[in-house]
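So the chains spell out like this:
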Amino acid sequence: MIKLFKKPVFSALLFAVSCNIFSNANATLIDLNDFYSDPSVTVSTDGTEATIFEDSFLGISFLSLDPFLGDPDVIIPGLNVFLTFDFNFIEAANEEDEFSYALFDSDTRDDIVFENFLESESGSVSLDLTGLIGARLGLYFGLTSYDSDLNSLVTISNLSLNTVTTPTTPPNSSIPEPATFSASLAALLCFFSTRKKLFKRK
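Draft legend 1. Summary view of the overall build of the protein chain. When its secondary structure is counted, the protein chain shows two helices and eleven strands. From first element to last, N terminus to C terminus, the protein chain shows the α and β order α-β-β-β-β-β-β-β-β-β-β-β-α. Counting all 202 residues of the protein chain, 43% fall into the buried class. Within the protein chain, counting contacts between residues at least 6 apart in sequence, those at least 24 apart form 76% of the total. For the protein chain, the accessible area works out to roughly 10900 Å², and carbon and sulfur atoms hold 56% of it.

What follows is the structure, given as structure tokens:
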């Protein structure tokens, strides 16, 4: 299950809930230098961020990790393990481009999760790997150009595995456990009530 933290109200709620969850989690950063990358991709020295640019010779510029092809097997699923990352897709004005990402089974070649975006978008993604124990997982990020202009780009950052030591509802769940965020929800309701008096609804 995936939720993008796009809307301000939803983002605030998810932030409050995730603070409760990931305060009891161990995070392990995944080095983006372990990924195969096209020449049009730049990766920071410390491996925490990668930027995918359009390429005049390639219809698709991509960054991928595929153990089947010999890449390191570093996305290890487990009980209460979440794969998380941030992305920022900037589509240049008057261009036709697409950003997509996929989590896939490296042995069967089947997509487990696939998402694509046809216009500028940014967000944070959290994927629960609990049900994938035993699978060899691959990850793909791609930027497809459908025109001759080459000004769009995508930035991927903070790719990590988060192991929750105190099992609870993941931050991307559409139905969080009441006990997990009741206090946070009460505070947010108070905030929304105050904001309602100060600002007119658009």
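Now, onward.
Draft legend 2. Quick look at the pattern of salt bridges. Taken as a whole and judged by the stated rule, the model has two salt bridges. Notably, a salt bridge pairs aspartate 66 with arginine 109, separated by 2.5 Å at the nearest N-O pair. Of the two residues, aspartate 66 is situated in the loop between strand 5 (60-65) and strand 6 (81-90) and arginine 109 in the loop between strand 7 (97-105) and strand 8 (111-117); the sequence distance between them amounts to 43 residues. For aspartate 66, a relative accessible area of 5% gives the class buried. Here arginine 136 ties to aspartate 107 by a salt bridge, and the two come within 2.6 Å at their closest N and O atoms. Remark: aspartate 107 occurs in the loop between strand 7 and strand 8 and arginine 136 occurs in the loop between strand 9 (121-128) and strand 10 (137-145); sequence separation between them is 29 residues. Using a relative accessible area of 29% as the deciding quantity, one classes arginine 136 as partly exposed.

Draft legend 3. Main features of the pairing of strand 5. Pairing of strand 2 (residues 36-37) with strand 5, which is carried by two bridges, proceeds in the antiparallel orientation. Following the sheet pairing, tyrosine 36 is matched in strand 5 by serine 64. With six bridges connecting them, strand 5 and strand 10 associate as antiparallel partners. Residue serine 61 lies in a different strand from strand 10, and its bridge partner there is leucine 143.

Draft legend 4. Focus on the side chain of threonine 84. Relative to the helices and strands, threonine 84 resides in strand 6. Of the residues examined, threonine 84 reaches a relative accessible area of 14% and is grouped as buried. Looking at threonine 84, its side chain comes within polar contact range of the side chain of asparagine 162, at 2.8 Å. Apart from residues no more than four positions distant in its own chain, threonine 84 is found in contact with Val125, Ser126, Asn158, Leu159, Ser160 and Asn162.

Draft legend 5. Broad picture of the nonpolar core. Grouped together as the largest cluster of nonpolar side chains are 31 residues, with contacts concentrated most on Phe35, Ile75, Leu83, Phe99, Leu103, Leu129 and Phe141. Top contributing element to this core by residue count: strand 6, with five residues.

Draft legend 6. Layout of the packing of aromatic side chains. A full pass over the atoms with the stated rule returns twelve aromatic pairs. Plain terms: the ring middles of tyrosine 36 and phenylalanine 62 are 5.7 Å apart, the flat faces sit at 40° to each other, and that makes the pair tilted. A residue pair is termed long-range when its members are at least 10 positions apart, and tyrosine 36 in strand 2 and phenylalanine 62 in strand 5 qualify at 26 residues. Residue phenylalanine 62 is classed as partly exposed on the basis of its relative accessible area of 25%. Between the aromatic rings of phenylalanine 99 and phenylalanine 117, the centroid separation amounts to 5.9 Å while the plane-to-plane angle is 15°, which identifies the pairing as stacked. Of the two residues, phenylalanine 99 is situated in strand 7 and phenylalanine 117 in strand 8; the sequence distance between them amounts to 18 residues. Aromatic ring contacts, followed pair by pair, group Phe35, Phe85, Phe87, Phe89, Phe99, Tyr101, Phe117 and Phe141 into a single cluster.

Cut-off values and rules
Residues numbered from 1 in each chain as written. Predicted model: local features only at pLDDT ≥ 70, side-chain atom pairs only at ≥ 80, totals over all residues. Heavy atoms only, no water. Helix = DSSP H or I, 4+ residues; strand = E, 2+ residues; numbered from the N terminus. Buried < 20%, exposed > 50% of the residue type's maximum accessible area, 1.4 Å probe, protein only. Contact = heavy atoms within 4.5 Å. Areas by Shrake-Rupley, 256 points an atom, 1.4 Å probe, with all protein chains shown as cover. Salt bridge = Lys/Arg side-chain N within 4 Å of Asp/Glu carboxyl O. Pairing = 2+ DSSP bridges. Polar contact = N/O pair within 3.5 Å; in protein donor to acceptor, adjacent residues only side chain to side chain. Core = buried A, V, L, I, M, F, W, Y, C linked by side-chain atoms within 4.5 Å. Phe/Tyr/Trp six-rings, centres within 6.5 Å; stacked < 30°, edge-to-face > 60°.

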